[in-house]
Amino acid sequence: MLLVEDLWSRYGRIEVLHGINLEVKAGEVVAVVGANGAGKTTLLRCLSGVQPMAAGTITFRGSNITRVPAHRRLGLGLAQSPEGRQIFTNLSVEENLRLGAYLYKDARVEKDMEEAFTLFPILKTKRNLNAGDLSGGQQQMLAIGRALMGRPHCLLLDEPSMGLAPILVDQILDVVKNLRSYGVTALLVEQNAFAALSIADRGYVMEIGKITMSGPAQELIADERVREAYLGI
Amino acid sequence: MSELLQFFFSGITVGAIYSLVALGFIIIYNSSGVVNFAQGEFVMLGGMSTVFLFNAGVPLAIAAVAAILITCLVGIALNKLAIEPAKGASVVTLIIITIGASIFIRGMAQLVFDKQFHRFPSFSGDDPFLIGGATILPQGVWMIAGAIAVFIGLFVFFTYSLTGKAVLATSNNKLAARLVGISTNMMMTLSFGLSAAIGALAGVLVTPITLTSYDVGIALALKGFAAAILGGMGSPFGALVGGILVGLIEAMTAGYISSEYKDAASFIVILAVLFVMPNGIFGRSTIDRV
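## Overview of the overall build of chain A
Inference 1: Helix and strand content of chain A: 10 helices and 10 strands.
Inference 2: Taking 233 residues into account, the globule formula puts the C-alpha radius of gyration at 17 Å, and chain A, at 17 Å, falls close to it.
Inference 3: Across the 233 residues that make up chain A, the buried fraction comes to 49%.
Inference 4: The contacts in chain A between residues at least 6 apart in sequence include a share of 66% that link residues at least 24 apart.

## Let's talk about the overall build of chain B
Inference 1: Secondary structure assignment for chain B yields 11 helices and two strands.
Inference 2: Tracing chain B from N to C terminus, the helices and strands come up as α-α-α-α-β-β-α-α-α-α-α-α-α.
Inference 3: Over its C-alpha atoms chain B spans a radius of gyration of 19 Å, differing by no more than 12% from the 19 Å that the globule rule assigns to 290 residues.
Inference 4: Its C-alpha atoms put chain B at 60 × 45 × 35 Å along the principal axes.
Inference 5: Counting only residues that meet the buried cut, chain B has 52% of its 290 residues in that class.

## Here's the deal with the sheet that holds strand 5 (residues 63-64) of chain A
Each strand in a sheet pairs with its neighbour through backbone hydrogen bonds, running either in the same direction (parallel) or in the opposite one (antiparallel).
Residue and element names in this part refer to chain A.
Inference 1: Strand order in the open sheet formed by four strands is 2-1-4-5, with antiparallel pairing between adjacent strands. Edge positions in the sheet fall to strand 2 (14-24) and strand 5, since each has one partner strand and no second.
Inference 2: Here strand 4 (residues 55-60) runs beside strand 5; their pairing, made up of two bridges, is antiparallel. By the bridge assignment for strand 5, threonine 59 is matched with asparagine 64.
Inference 3: Sheet contacts for helix 1 (residues 40-48): strand 1 (2-11), strand 2 and strand 4; angle to strand 2, the most-contacted strand, approximately 70°.

## Notes on the interface of chain B and chain A
Inference 1: Counting residues at the interface gives 16 residues for chain B and 23 residues for chain A.
Inference 2: Taken together, the elements giving at least two residues each to the side of chain B that touches chain A come down to helix 6 (162-172) and helix 7 (174-179) of chain B.
Inference 3: Looking at the side of chain B that touches chain A, the element that brings in the most residues is helix 6 of chain B, giving six residues.
Inference 4: A per-class count over the side of chain B that touches chain A returns nine nonpolar, four polar and three charged.

## Let's talk about helix 8 (residues 184-210) of chain B
All names here are of chain B.
Inference 1: Look at helix 8: 38 Å from first C-alpha to last across 27 residues, which is about the 39 Å you get at 1.5 Å a residue.
Inference 2: For helix 8, the buried fraction is high: 22 of the 27 residues fall into the buried class.
Inference 3: Following helix 8 by one or two positions, leucine 211 adopts a phi angle in the positive range, close to 65°.

## Details of the sheet that holds strand 3 (residues 29-34) of chain A
All names here are of chain A.
Inference 1: Spatial strand order, 6-7-8-3-9-10: six strands in an open sheet with mixed pairing. Only two strands of the sheet have a single neighbouring strand rather than two, namely strand 6 (78-81) and strand 10 (210-216). Within the sheet, the average angular offset between the axes of one strand and its neighbour, ignoring direction, is 15°.
Inference 2: In this sheet, strand 8 (residues 185-190) lies alongside strand 3 in parallel orientation, the contact comprising five bridges. Within strand 8, the residue paired with alanine 31 across the bridge is leucine 188.
Inference 3: Across the sheet, helix 1 touches strand 3, strand 6, strand 7 (154-158), strand 8 and strand 9 (202-207), and the angle it forms with strand 7 is around 150°.
Inference 4: Packed on one face of the sheet, helix 6 (residues 136-149) meets strand 6 and strand 7 and runs near 170° to strand 6.

## Points about the packing of helix 1 (residues 2-32) of chain B against helix 8 of chain B
Residues and elements named next belong to chain B.
Inference 1: Where helix 1 contacts helix 8, the axes come no closer than 9 Å and their chain directions differ by 175°. Judged by the inter-axis angle, helix 1 sits roughly antiparallel to helix 8. Contacts between helix 1 and helix 8 involve Ile17, Leu20, Val21, Leu23, Gly24, Ile27, Ile28, Ser31 and Ser32 from the first element and Met187, Met188, Ser191, Phe192, Leu194, Ser195, Ile198, Gly199, Leu201, Ala202, Leu205 and Val206 from the second.
Inference 2: A breakdown of the residues in the contact of helix 1 with helix 8 according to their chemical character gives 15 nonpolar, six polar and no charged.

## Topic: the confidence of the model for chain B
Inference 1: Averaged over every residue, the pLDDT of chain B is 92; the share at 70 or more is 98%.
Inference 2: Interface confidence in the predicted complex, given as ipTM, is 0.92; pTM for the same model is 0.87.

## Quick notes on the environment of alanine 79 of chain A
All names here are of chain A.
Inference 1: Here alanine 79 lies in strand 6.
Inference 2: In sequence terms alanine 79 and serine 48 are 31 residues apart; their C-alpha atoms lie 7.5 Å from each other.
Inference 3: Non-local contacts of alanine 79, meaning those with residues more than four positions away in its chain, are made with Leu74, Ala147, Gly150, Pro152, Leu155 and Leu156.

## A word on helix 3 (residues 60-83) of chain B
Residue and element names in this part refer to chain B.
Inference 1: For helix 3, which comprises 24 residues, the first-to-last C-alpha distance of 33 Å matches the rise-based estimate of 34 Å (1.5 Å per residue) to within 8%.
Inference 2: Considered for burial, the residues of helix 3 that qualify are Ala63, Ala64, Ala67, Ile68, Thr71, Cys72, Val74, Gly75, Leu78, Asn79 and Ile83.
Inference 3: Of the surrounding secondary structure, the elements contacted by the buried residues of helix 3 are helix 2 (39-55), helix 4 (91-112) and helix 8.

## Section: unusual backbone geometry
Residues and elements named next belong to chain A.
Inference 1: Here the phi dihedral of arginine 151 falls at roughly 55°; this positive angle occurs in a residue that is not glycine.
Inference 2: Inspection of the secondary structure puts arginine 151 in the loop between helix 6 and strand 7.
Inference 3: Positive phi outside glycine occurs at isoleucine 208, with the angle close to 30°.
Inference 4: Within the secondary structure, isoleucine 208 is located in the loop between strand 9 and strand 10.

## Overview of the pairing of strand 8 of chain A
All names here are of chain A.
Inference 1: In terms of burial, strand 8 is a largely internal element, six of the six residues being buried.
Inference 2: Going residue by residue along strand 8, you find Thr185, Leu187 and Val189 tucked away on one face and Ala186, Leu188 and Glu190 tucked away on the opposite face as well.
Inference 3: Summarising the sheet, strand 7 and strand 8 pair through five bridges and their orientation is parallel. Residue pairing in the sheet places leucine 156 in a bridge with leucine 187 of strand 8.
Inference 4: Assessed by its sense of winding, the connection that carries the chain from strand 7 through helix 7 (residues 166-177) to strand 8 is right-handed.

## Notes on the pairing of strand 6 of chain A
Residues and elements named next belong to chain A.
Inference 1: Residues Leu78 and Gln80 line one face of strand 6 and the alternating positions Ala79 and Ser81 line the opposite face, and both faces are buried.
Inference 2: Direction of pairing for strand 6 relative to strand 7: parallel, over a ladder of four bridges. Following the sheet pairing, leucine 78 is matched in strand 7 by cysteine 154.

Thresholds, definitions, all that
- Residues numbered from 1 in each chain as written.
- Chains lettered and ligands numbered in written order.
- Predicted model: local features only at pLDDT ≥ 70, side-chain atom pairs only at ≥ 80, totals over all residues.
- Helix = DSSP H or I, 4+ residues; strand = E, 2+ residues; numbered from the N terminus.
- Rg over C-alpha atoms; globule rule 2.2 N^0.38 Å.
- Buried ≥ 20, exposed ≤ 12 C-beta atoms within 10 Å, placed from the backbone.
- Contact = placed C-beta atoms within 7 Å.
- Pairing = 2+ DSSP bridges.
- Axes fitted to C-alpha atoms, helices over the stretch in contact; angles between N-to-C directions.
- Nonpolar A, V, L, I, M, F, W, Y, C, P; charged D, E, K, R; others polar.
- Expected span 1.5 Å × (residues − 1).
- Parallel < 35°, antiparallel > 145°, perpendicular 65-115°, else oblique.
- pLDDT = per-residue confidence, 0-100.
- Right-handed = clockwise from strand over helix to strand, strands pointing away.

This is the structure we're talking about:
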């Protein structure tokens with residue numbers, strides 16, 4: 001589904017990613033965990049094309065998308081629910097969802113919106129409210145719902161649990177875990193390593209711009225070094 | 001009484017033009033947060049191009065449409081050549097670029113056209129309508145109708161069309177707009193083209209009454225800007241009402257105080273709004289949840 005080879009990126013002169021290699025297979029939930037500042041968000045920004053890359057290639061569903069501009073990547077099936085939600089605060093909940101399907105004008109848009117409301121019923125009751133008035137958790141649901149409206153094959157999720165109450169974290173991660181039943185593959189980036197790894201099939205551990213460990217999520221959870229560094233056990 | 005009515009009529013006629021200029025301002029503002037100070041030059045280009053095409057023998061209606069299209073292209077060129085290359089620059093930098101562009105367009109207009117005042121005939125003659133002892137010119141009715149038609153068009157565009165919402169989304173969050181597949185460059189091009197066309201339409205409508213020359217844009221831009229601020233930057237309805245109000249204040253100042261102070265009225269409006277209600281009449285205060 002998604003193959004990242006030797007990806008380098010920098011902000012100005014500060015190099016953030018030093019050669020990332022990563023693969024996500026169709027139908028998987030893959031978690032990238034690591035501390036704040038490890039470069040996880042930069043990685044996802046590169047994948048979506050909103051962050052310039054210094055070197056490397058991104059292959060998505062068999063074609064090289066390294067140079068595809070950001071606004072064309074959703075059409076290829078690669079969506080992102082960005083860090084900090086980034087919803088359109090000047091538009092209503094429903095308009096946010098509708099814009100998620102900006103590329104489409106067919107009858108499926110309506111159906112997908114109902115689906116999003118089934119996934120997050122609270123959004124339906126607030127559909128006409130200004131999205132900026134939602135709580136943090138509701139905004140996160142809206143960000144995921146909006147990304148799903150774009151009919152992705154692969155969804156990139158940046159810190160979906162950040163700043164949420166534990167009960168909401170469970171609810172959101174439950175949705176992520178079940179994405180494959182909608183035919184959506186997920187790449188999840190999280191500081192909350194335990195929560196992310198416990199719903200993922202495989203995981204990568206990222207430290208200051210490099211992948212330092214990878215493997216089945218259960219093995220990573222059991223790994224002594226990971227437990228010490230990220231799980232606080 | 002008929003005196004007041006007369007001032008009222010001249011106020012809303014000239015106010016309609018300020019509304020059109022203000023509507024042009026808010027389209028670009030809505031998509032980018034930039035106040036385009038070359039907006040007045042779009043009005044000038046609309047009027048001047050029509051004059052020169054008309055004098056060259058082109059029928060007035062065709063000359064007017066062609067002038068609007070020419071100005072539209074100038075607006076798109078402004079975005080492509082001056083705004084887009086400055087990608088990532090701060091809004092203030094972009095605003096300064098538009099000031100530079102306005103000086104450039106004015107200079108070019110002196111060369112391409114000339115420095116004389118021009119006009120072309122009114123659309124429906126010059127016989128005024130007599131209402132309650134006051135008069136209004138047929139061209140004035142055209143101006144008011146033009147402002148209302150553009151307002152309705154924009155209201156429908158921003159409220160009901162997906163493209164209109166994409167413009168609003170681009171202004172609110174560029175990153176998120178790109179992630180949902182909106183080409184933000186395309187939205188900027190669209191805004192500049194649309195805004196230029198509306199400015200040009202204002203120029204076409206106003207020229208038979210106020211005449212046009214290469215430098216009429218400065219004053220119109222400032223008054224349109226006052227209108228946009230008064231209405232609340234960003235709201236089409238605010239721009240419409242703000243324009244009419246600035247026109248009325250100006251006409252009343254000219255009528256009851258002195259026409260010498262007419263032009264000061266709009267500047268006093270700007271200051272008063274900024275001191276008393278910085279969000280304008282219909283503007284929403286911006287509060288970000290963090």
